Amino acid sequence: SQTIHQWPATLVQPVGSPLSLECTVEGTSNPNLYWYRQAAGRGLQLLFYSVGIGQISSEVPQNLSASRPQDRQFILSSKKLLLSDSGFYLCAWRLAGGPGEQFFGPGTRLTVL
Amino acid sequence: LAKTTQPISMDSYEGQEVNITCSHNNIATNDYITWYQQFPSQGPRFIIQGYKTKVTNEVASLFIPADRKSSTLSLPRVSLSDTAVYYCLVGPRKTGTASKLTFGTGTRLQVTL
């Protein structure tokens, strides 16, 4: 069966510090991968998605970036965090060409102070 | 992607049937309607998906009228554990590239005794 991992679960970082969140998927090949952010009490905002290694599409211009160095690894990064980057970050995967259902990871709660 | 409109919140007593309606006036011919459930500090979880008429699974039913401009998620005999945010999404079921889902703010369902 497929599983999705995210780490760390929680993170507290000072403004201006770098960020690296990692997501890995097991049990499937060539998945579509997604990064979402959810501010407190708000809906999910799609940040990035990837259909293959090295292929990244950005939905919202900001100080975040994403990379996909391996088929089942998706990384969210920032060189300098802003207060507004605080939120709940979710990674998700979907079968490429599949029925559209996305499977979400456990999330990372990021607090920027 | 078709925009959706849902009530911000709903309240129900345990044991009642809950119906959450979603409007999607600009739904396209190849769009499906999908509902997700999200508990606090967790990623959304797929509930049900449909194209037209009625779909039923072990947790919910989805009613879609002939014009497909709205849909209703029906939760039979809710319990306290059904307290969550419910999202209605509209988009292609299968795409050649990534399936980008747009999550709105959802409907916050509160179930009480």
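Before going into details, it helps to say that this report is about the structure given with it.

**Focus: the state of the cysteines**
Piece 1. One pass over the structure, following the stated rule, counts two disulfides over all chains.
Piece 2. The partner cysteine of Cys23(A) in its disulfide is Cys91(A), sulfur to sulfur 2.0 Å. Judged by the sign of its S-S torsion, about -75°, the cystine formed by Cys23(A) and Cys91(A) is left-handed. Placement of the pair is Cys23(A) in strand 3 (residues 19-26) and Cys91(A) in strand 9 (residues 87-94), with a sequence separation of 68 residues.
Piece 3. Overall, Cys91(A) belongs to the buried group, its relative accessible area being 0%.
Piece 4. What pairs with Cys22(B) in a disulfide is Cys88(B), and their sulfur atoms sit 2.2 Å apart. Between Cys22(B) and Cys88(B) the sulfur-sulfur dihedral comes to about -80°; the bridge is accordingly left-handed. One end of the pair, Cys22(B), is in strand 2 (residues 18-23); the other, Cys88(B), is in strand 8 (residues 84-92), with 66 residues separating them in the sequence. Here Cys22(B) and Cys88(B) have matching classes, each one buried.

**Here we look at the pattern of salt bridges**
Residue and element names in this part refer to chain A.
Piece 1. For the structure on display, the rule yields two salt bridges over all chains.
Piece 2. A salt bridge links arginine 37 to aspartate 85; the shortest N-O distance between them is 3.4 Å. Taken together, the residues arginine 37 in strand 4 (residues 32-38) and aspartate 85 in the loop between strand 8 (73-78) and strand 9 connect sequence positions 48 residues apart.

**As for the sheet that holds strand 3 of chain A**
Residues and elements named next belong to chain A.
Piece 1. Strand order across the open sheet formed by four strands is 1-3-8-7, with antiparallel pairing between neighbours. Each edge of the sheet is formed by a strand with only one pairing partner; in this case those strands are strand 1 (3-7) and strand 7 (64-70). Between one strand and the next, the sheet's axes are offset by a mean angle of 20°, whatever the strand orientation.
Piece 2. Inspection of the sheet shows strand 1 paired to strand 3 by five bridges, in the antiparallel sense. If you follow isoleucine 4 over to strand 3, its bridge partner there is valine 25.

**Looking at the environment of Arg109(A)**
Piece 1. Here Arg109(A) lies in strand 11 (residues 108-112).
Piece 2. Sequence separation between Arg109(A) and Gln38(A) is 71 residues, and the spatial gap between their C-alpha atoms is 9.5 Å.
Piece 3. Setting aside chain neighbours within four positions, we find Arg109(A) in contact with Ala9(A), Thr10(A), Leu11(A), Gly87(A), Phe88(A) and Ser41(B).
Piece 4. In this structure the side chain of Arg109(A) is engaged in a polar contact, spanning 3.1 Å, whose partner is the side chain of Ser41(B).

**A short note on the side chain of Thr72(B)**
Residues and elements named next belong to chain B.
Piece 1. Take threonine 72: it is sitting in strand 7 (residues 70-75).
Piece 2. Owing to a relative accessible area of 19%, threonine 72 belongs among the buried residues under this scheme.
Piece 3. Side-chain polar atoms of threonine 72 contact the side chain of threonine 21, separated by 3.3 Å.

About the criteria used
- Each residue is numbered by its place in its chain's sequence as written, counting from 1.
- Going through the entries in the order they are written, you letter the chains from A and number the ligands from 1.
- Where totals are concerned, whole chains, interfaces and linings use all residues; where local detail is concerned, this predicted model gives features only for residues with pLDDT of at least 70, and gives and counts side-chain atom pairs only at 80 or more.
- Note that water and hydrogens are dropped before the side-chain values are worked out from all heavy atoms of the structure.
- We call a pair of cysteine sulfur atoms a disulfide when they lie within 2.5 Å.
- Helix numbering and strand numbering both begin at the N terminus, where a helix is a DSSP run of H or I of at least 4 residues and a strand a DSSP run of E of at least 2.
- Residue exposure (1.4 Å probe, protein chains only): buried if accessible area is under 20% of the type maximum, exposed if over 50%, otherwise partly exposed.
- Salt bridges are defined as contacts in which a side-chain nitrogen from Lys or Arg sits within 4 Å of a carboxyl oxygen from Asp or Glu.
- Two strands make a pair as long as DSSP finds a minimum of two bridges between them.
- For helices, the fitted axis covers only the stretch in contact; all axes are lines through C-alpha atoms, and the angles between them, taken along N-to-C directions, range from 0 to 180 degrees.
- Two residues qualify as a contact provided that any one of their heavy atoms is within 4.5 Å of a heavy atom in the partner residue.
- Polar contacts here mean pairs of N or O atoms no more than 3.5 Å apart (in protein, one a potential hydrogen donor and the other a potential acceptor; neighbouring residues in sequence count only if both atoms are side-chain atoms).

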